[in-house]
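Results of the structural survey
Below are the chains, spelled out letter by letter.
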Amino acid sequence: MSDVAGTTARRAYRSAPLTVRVHVAGRWWTCPFGPIADALTGADRVLDVGCGHGLFPLYLGIRHGASEIVGVEIDREKLIVARAAALSAGLASRVSFEEVGPGYTPAEEPPVRPTEGWDGISVVDVLYLMGPERAMRLLRAAAKALAPGGKLVVKEIDTTPAWKHRISAVQEVVATRVLRITQGDHNQQVASSTVVAELTSAGLDVTTVRLDRGRIHPDYLVVGTRP
Ligand SMILES: C[S@@+](CC[C@H](N)C(=O)[O-])C[C@H]1O[C@@H](n2cnc3c(N)ncnc32)[C@H](O)[C@@H]1O
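Residues numbered from 1 in each chain as written. Predicted model: local features only at pLDDT ≥ 70, side-chain atom pairs only at ≥ 80, totals over all residues. Heavy atoms only, no water.

**Focus: the packing of aromatic side chains**
To keep things clear, this is the line we draw: Note on ring pairs: Phe, Tyr and Trp rings are taken, using the six-membered ring of Trp, and paired if centres are within 6.5 Å. Classes follow the plane angle, with under 30 degrees stacked, over 60 edge-to-face and the rest tilted. With a 1.4 Å probe rolled over the protein chains alone, any residue whose accessible area is under 20% of its type maximum counts as buried; one over 50% counts as exposed, and the rest are partly exposed. A run of H or I in DSSP counts as a helix once it spans at least four residues, and a run of E counts as a strand once it spans at least two, with each numbered from the N terminus.
Counted according to the given criterion, the structure contains 3 aromatic pairs. Seen from their ring centres, Trp28 and Phe33 are 5.9 Å apart, and the 25° between their planes marks the pair as stacked. The same class applies to Trp28 and to Phe33, which are both buried. Ring geometry for Trp28 against Tyr59: centres 5.1 Å apart, planes inclined by 70°, an arrangement best described as edge-to-face. Here Trp28 is found in helix α2 (residues 18-30), whereas its partner Tyr59 is found in helix α4 (residues 55-63), with 31 residues between them in sequence. Accessibility assignment for this pair places Trp28 and Tyr59 in one class, buried. Members of the aromatic cluster, each reached through a chain of ring pairs, are Trp28, Phe33, Phe56 and Tyr59.

Okay, structure coming up:
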């Protein structure tokens, strides 16, 4: 997918090392950021958990006029790149990045959430690196940290259909264990049904969108809205 905001966001990395530029380009071409950003239309204060090099927060900042977007991440090196890219894109006043520990949950730890809660929280391809217990704890805490009407947007890779899941699983083993470009304790895809069940039991109104039509990765988007 190509759009003007995506092109502008990727240009913000033009001074980054080649490996980073390749990684960012790979994320752009393999992850359907457009529909994820669509789900956060109108959200004024957004938290992105596991922001990586910050591509999604920058893209969101360019596409929507959100006043505050905070990306949190466990990998310090990625945060250095993310901050430089925000400066380069002229977005540093609205898009910021903070380091967190691997057990981070938004309701309990800094960055300090807005008094009313976040209007949007995104978690894009992160849960599978956490292991099921920590991933569900993150979702429960994120649901609590939303403002009324706020949206929790979860994009992951589904466990079905099996052939697409197998291809994605092999690619993730290469990313986490061979190339070591992604940090995380686990590599276990989380089924959309598991995310739906967790967000529903946390009291959110939940919708699911399959994003893998014509794509090799079984991407899904689950959106939970706090009533
Ligand atoms: C596949 S990358 C996705 C990055 C970004 N969300 C994107 O879509 O481009 C997964 C990211 O999650 C981060 N991560 C892994 N475990 C985490 C945790 N427990 N808390 C926060 N971030 C974590 C990794 O360091 C990595 O940058």
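So, next bit.
**Focus: the nonpolar core**
Quick note on the threshold: To form a nonpolar core, buried Ala, Val, Leu, Ile, Met, Phe, Trp, Tyr and Cys residues must be joined to one another through side-chain atoms within 4.5 Å. Residues are treated as being in contact if the distance between any of their heavy atoms lies within 4.5 Å.
Counting 37 residues, the largest nonpolar core has Tyr13, Phe33, Ile36, Phe56, Leu58 and Tyr59 as the members making the most contacts within it. Among the secondary structure elements, those contributing two or more residues to this core are α1 (4-11), α2, α3 (33-38), α4, α5 (76-88), β3 (95-99) and β7 (219-225). With sequence-adjacent residues up to four places away left out, Phe56 is seen in contact with Phe33, Ile36, Ala37, Leu40, Asp48, Ser122 and Val124. Counting residues in each nonpolar core, the second largest holds 28 residues, with Val70, Leu139, Ala145 and Val222 among its members.

**Brief notes about the packing of helix α6 (residues 132-144) against helix α8 (residues 192-201)**
Under the convention used in this document: Every axis corresponds to a line fitted to the C-alpha atoms, with the helix fit spanning only the stretch in contact, and the corresponding angles, defined between N-to-C directions, vary from 0 to 180 degrees. The labels follow the angle: roughly parallel below 35 degrees, roughly antiparallel above 145, roughly perpendicular from 65 to 115, and oblique for the rest. Working rule for handedness: look at the near helix, and if it is turned counterclockwise from the far one by less than a right angle, call the crossing left-handed; if clockwise, right-handed. In this classification, Asp, Glu, Lys and Arg are treated as charged, Ala, Val, Leu, Ile, Met, Phe, Trp, Tyr, Cys and Pro as nonpolar, and every other residue, Gly included, as polar.
Viewed as axis vectors pointing N to C, α6 and α8 meet at an angle of 40°, and their least axial separation amounts to 9 Å. Of the possible angle classes, the one that applies to α6 and α8 is oblique. Where α6 crosses over α8, the two elements pack in a sense that is right-handed. In contact with Met136, Leu139 and Arg140 of α6, α8 contributes Thr194, Val195, Glu198 and Leu199. Among the residues making up the contact of α6 with α8, the classes are represented as 4 nonpolar, 1 polar and 2 charged.

**Some details on the packing of α1 against α4**
Packing of α1 against α4 brings their axes to within 9 Å, and their N-to-C directions diverge by 130°. By the angle between their directions, the pair α1 and α4 is classed as oblique. Between α1 and α4 lies a crossing whose hand is right-handed. Packed against α1, whose contacting residues are Ala5, Gly6, Thr8, Ala9 and Arg10, the element α4 presents Leu55, Leu58, Tyr59, Ile62 and Arg63 at the interface. In the contact of α1 with α4, the residues fall into 6 nonpolar, 2 polar and 2 charged.

**Overview of the confidence of the model for the chain**
Close inspection of predicted coordinates is inappropriate for parts of the model with low pLDDT. Going by this rule: You can read pLDDT as the predictor saying how much it trusts each residue, on a scale of 0 to 100.
Within the chain, residue pLDDT values average 90, and 90% of them lie at 70 or more. The secondary structure element of the chain with the lowest average pLDDT is helix α7 (residues 162-178), at 71, and the one with the highest is α5, at 98.

**Overview of the sheet that holds strand β2 (residues 68-73)**
Test applied: Strands are treated as partners if at least two bridges between them are detected by DSSP.
Strand order in this open sheet of 7 strands is β3-β2-β1-β4-β5-β7-β6, and the pairing throughout is mixed. Where the open sheet ends on each side, the last strands, each with one partner, are β3 and β6 (205-210). Geometrically, the sheet is characterised by an average inter-axis angle of 15° between neighbouring strands, direction not taken into account. Where α4 meets the sheet, its contacts fall on β1 (45-49), β2, β3 and β4 (118-124), and the angle it forms with β3 comes to roughly 160°.

**Concerning the pattern of salt bridges**
Our working rule: The salt bridge criterion pairs a side-chain nitrogen of Lys or Arg with a carboxyl oxygen of Asp or Glu, the two atoms within 4 Å.
All told, the structure shown has 8 salt bridges when counted by the stated rule. Between Arg45 and Asp119 there is a salt bridge whose closest N-O contact spans 3.2 Å. Within this pair, whereas Arg45 is found in strand β1, its partner Asp119 is found in strand β4, the two being separated by 74 residues in sequence. A relative accessible area of 21% places Arg45 in the partly exposed class. The exposure class assigned to Asp119 is buried, which follows from its relative accessible area of 19%. Here Asp125 ties to Lys155 by a salt bridge, and the two come within 2.7 Å at their closest N and O atoms. Placement of Asp125 in the loop between β4 and α6 and of Lys155 in strand β5 (residues 146-157) is noted, with a sequence separation of 30 residues between them. Comparing Asp125 with Lys155, the two get one shared label, buried.

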